[in-house]
Every structure is written in C-alpha cells, then in structure tokens.
Amino acid sequence: GAVVSQHPSRVICKSGTSVKIECRSLDFQATTMFWYRQFPKKSLMLMATSNEGSKATYEQGVEKDKFLINHASLTLSTLTVTSAHPEDSSFYICSARDARTPEETQYFGPGTRLLVL
Amino acid sequence: AQTVTQSQPEMSVQEAETVTLSCTYDTSESDYYLFWYKQPPSRQMILVIRQEAYKQQNATENRFSVNFQKAAKSFSLKISDSQLGDAAMYFCASRADNYGQNFVFGPGTRLSVLP
C-alpha cells in the first residue's frame, strides 16, 4: 500500500518555541491531507483539513494562529505548533488522501510525539 | 454530522478464541464507509477492515469479519482464532463518501489477548 511518512517521529522542545512537523506522501500525490491529535489513551480528533494550494480548514476550537498548516506541494503538508506550551504535548497524526483510488483511500502517517517542557 | 460510539473501553480474549467488538454510529450521510483500525503500541494506525455502506454483504479479511446492520447503525468486529499480536487499541470509524472527507473515530476499545 501507499506510504505516508512523518518527521520527526518525536520532538522535545522548550515552552515558547515553535515546532514544525512534516507529513509526506511518498508514492502518490495527495491533494488533501488531514491532521489529527491524539491525547494519551484517547481517540483521534481531527484538527484541520489541509488542501494543496489553499488555506487549511480548521475544526471548531482549534486555533489557526497556533497550529499553522501549509500544504505547498502535492506530497507535503506541514503543521507548525507556534509558541508551544506544555498543554500542546500530544501525539499528532496525519493522513493523506489517495485520489487515484475510487474510494479515495486514506493512509496514515506513523505519528509525531511532541513533548513541550 | 457523524458520531461513532464504542461501548466497551476494554475487552479481553483467550488466545485462539473469538471476540466481538461493538460499534454503533450515527450519520446523516447517505453514502459512507465504515472502518476498523488497529493501533498497536507503536501507535501506527493499521486498517483492519472496511465496509461500504451501500453493500449488504459483510466484509471479511481472513480472521476478521464484520456484522454490519445498517438499519440499526451497528458495525461490530469479530476476531476469530485470536492471536497475541491482535492485542491493541481498536478504533471504529466512519467516513462520508464525499470528496476529501475526514474520518470520525470512536473512543476505542483496548483488546488484551491472554495466553
């Protein structure tokens, strides 16, 4: 199946700094990617939908100025957590939509664990 | 809007036995997909099985099968001949069959497999 990568796999940063997480579709073009957040022992919650060449669509309650999403190419979406705080510590997972398939199969990245000290 | 409910936070099964995980959902969409995903300790989301809502026949994938009751909005997962490697979090999810739609996940069921 198609592969989606995320980088870094884990990151530790100081409070107040910014962290960028990359999501790449390795063998297909993804016009749409999704960013999810998962707290410990909880389910995945959609943060935003990232469309190539246009502004991301954020879910209610997600601060767009804090979680900057850029989808500048058909294989790369980035999530930047700006001025990170300890409460931003979480597991962030992206998924990418493969429009080649009739059912628009989506593939998940392996996730990025963010710890803000 | 879509919602997905999993009423069993934790389940356990003896190795080689069969276990059924429950899932109910609600959606206003006429066309949609239902999924079961497995999340092992590595936290990589792994697709277990997928069901197109317009198909009456229940999906099967080797030891995994579903019982899809559309009228009741129920989508349970049966794991036969359970193996130690099946231990994981299992998430039921729905996705509308429209352009570029996201998943809506249930809260998950943690499955333990006892040797």
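Residues numbered from 1 in each chain as written. Chains lettered and ligands numbered in written order. Predicted model: local features only at pLDDT ≥ 70, side-chain atom pairs only at ≥ 80, totals over all residues. Heavy atoms only, no water.

Asks: Now, about the nonpolar core: what can you tell me, with residues and values included?
Replies: Ranked by internal contacts, the top residues of the largest apolar core, which has 25 residues, are W35, F67, I69, L79, Y92 and L114 of chain A. Looking at this core, the elements that each hand over two or more residues are β2 (10-13), β3 (19-25), β4 (32-38), β5 (44-51), β7 (67-73), β8 (76-81), β9 (90-97) and β11 (112-116) of chain A. Once residues within four sequence positions are removed from consideration, F67 of chain A is found in contact with R37, M47, Y58, V62, L79, T80, V81, D88 and Y92 of chain A. Residues V13, L21, A59 and I79 of chain B belong to the second largest nonpolar core, which totals 24 residues. (Core = buried A, V, L, I, M, F, W, Y, C linked by side-chain atoms within 4.5 Å. Buried < 20%, exposed > 50% of the residue type's maximum accessible area, 1.4 Å probe, protein only. Helix = DSSP H or I, 4+ residues; strand = E, 2+ residues; numbered from the N terminus. Contact = heavy atoms within 4.5 Å.)

Asks: An account of the sheet that holds β8 of chain A is needed here, citing residue identities and associated values.
Replies: Residue and element names in this part refer to chain A. Within the open sheet, the four strands sit side by side as β1-β3-β8-β7. Their pairing is antiparallel. The open sheet has two edge strands, β1 (4-7) and β7, and neither has a second partner. Direction aside, the axes of adjacent strands within the sheet are offset by 15° on average. Relative to β3, β1 runs antiparallel, the two sharing four bridges. Bridge pairing in β3 places H7 opposite E22. (Pairing = 2+ DSSP bridges. Axes fitted to C-alpha atoms, helices over the stretch in contact; angles between N-to-C directions.)

Asks: Describe the packing of aromatic side chains, and please don't skip the residues or the numbers.
Replies: Here the structure, examined in full by the defined rule, presents 17 aromatic pairs over all chains. When the ring of F103 of chain B is compared with that of F105 of chain B, the centres are 5.6 Å apart and the planes differ by 35°; the resulting orientation is tilted. Assigned by exposure class, F103 of chain B and F105 of chain B land together as buried. Clustering of aromatic rings is evident, with ring pairs tying together Y36 and F108 of chain A together with Y33, F35, Y37, F91, F103 and F105 of chain B. Sitting over the face of the ring of F91 of chain A, R43 of chain B holds its NZ or CZ atom 4.1 Å from the ring centroid. In this arrangement the basic side chain of R95 of chain B is found over the ring face of F103 of chain B, its NZ or CZ atom lying 5.9 Å from the centre. (Phe/Tyr/Trp six-rings, centres within 6.5 Å; stacked < 30°, edge-to-face > 60°. Lys NZ or Arg CZ within 6 Å of the ring centre and 35° of its normal.)

Asks: Give me the lowdown on unusual backbone geometry, citing residues and values where you can.
Replies: A cis amide bond links H7 of chain A with the next residue in sequence, P8 of chain A, at an omega value of 0°. Note that P8 of chain A resides in the loop between β1 and β2. Non-glycine residue S83 of chain A carries a positive phi angle of around 45°. Assignment of secondary structure puts S83 of chain A in the loop between β8 and β9. For D81 of chain B, which is not glycine, the phi dihedral falls at a positive 50°.

Asks: Run through the side chain of T49 of chain A, naming residues and quoting values.
Replies: All names here are of chain A. The residue T49 is located in strand β5 in this model. What makes T49 buried here is its relative accessible area of 11%. Filtering out sequence-adjacent residues up to four positions away, T49 remains in contact with T32, M33, F34, A56 and T57.

Asks: Tell me about the interface of chain B and chain A, and name the residues and values.
Replies: With 18 residues of chain B in contact, the opposing surface of chain A contributes 21 residues. In this assembly, chain B and chain A are joined by zero salt bridges. Summed over the shared surface of chain B and chain A, the number is seven residue pairs in polar contact (both at pLDDT 80 or more). Considering every element that reaches the side of chain B that touches chain A, the biggest residue donor is strand β5 (residues 32-39) of chain B, with three residues. (Salt bridge = Lys/Arg side-chain N within 4 Å of Asp/Glu carboxyl O. Polar contact = N/O pair within 3.5 Å; in protein donor to acceptor, adjacent residues only side chain to side chain.)

Asks: How would you explain the state of the cysteines if you had to name every residue and give the values?
Replies: Within this structure, the stated rule accounts for two disulfides over all chains. With its sulfur 2.0 Å from that of its partner, C23 of chain A forms a disulfide with C94 of chain A. Residues C23 of chain A and C94 of chain A are joined through a disulfide that is right-handed, its torsion about the S-S bond being 80°. Pair noted here: C23 of chain A is in strand β3 and C94 of chain A is in strand β9, with a separation of 71 residues, a long-range link. As far as the burial class goes, C23 of chain A and C94 of chain A line up, both buried. C23 of chain B shares a disulfide with C92 of chain B; S-S distance 2.0 Å. Torsion about the S-S bond of the C23 of chain B and C92 of chain B cystine: about -70°, corresponding to left-handed handedness. With C23 of chain B in the loop between β3 (19-21) and β4 (24-27) and C92 of chain B in strand β10 (residues 88-96), this pair connects stretches of sequence that are 69 residues apart. (Disulfide = S-S within 2.5 Å.)

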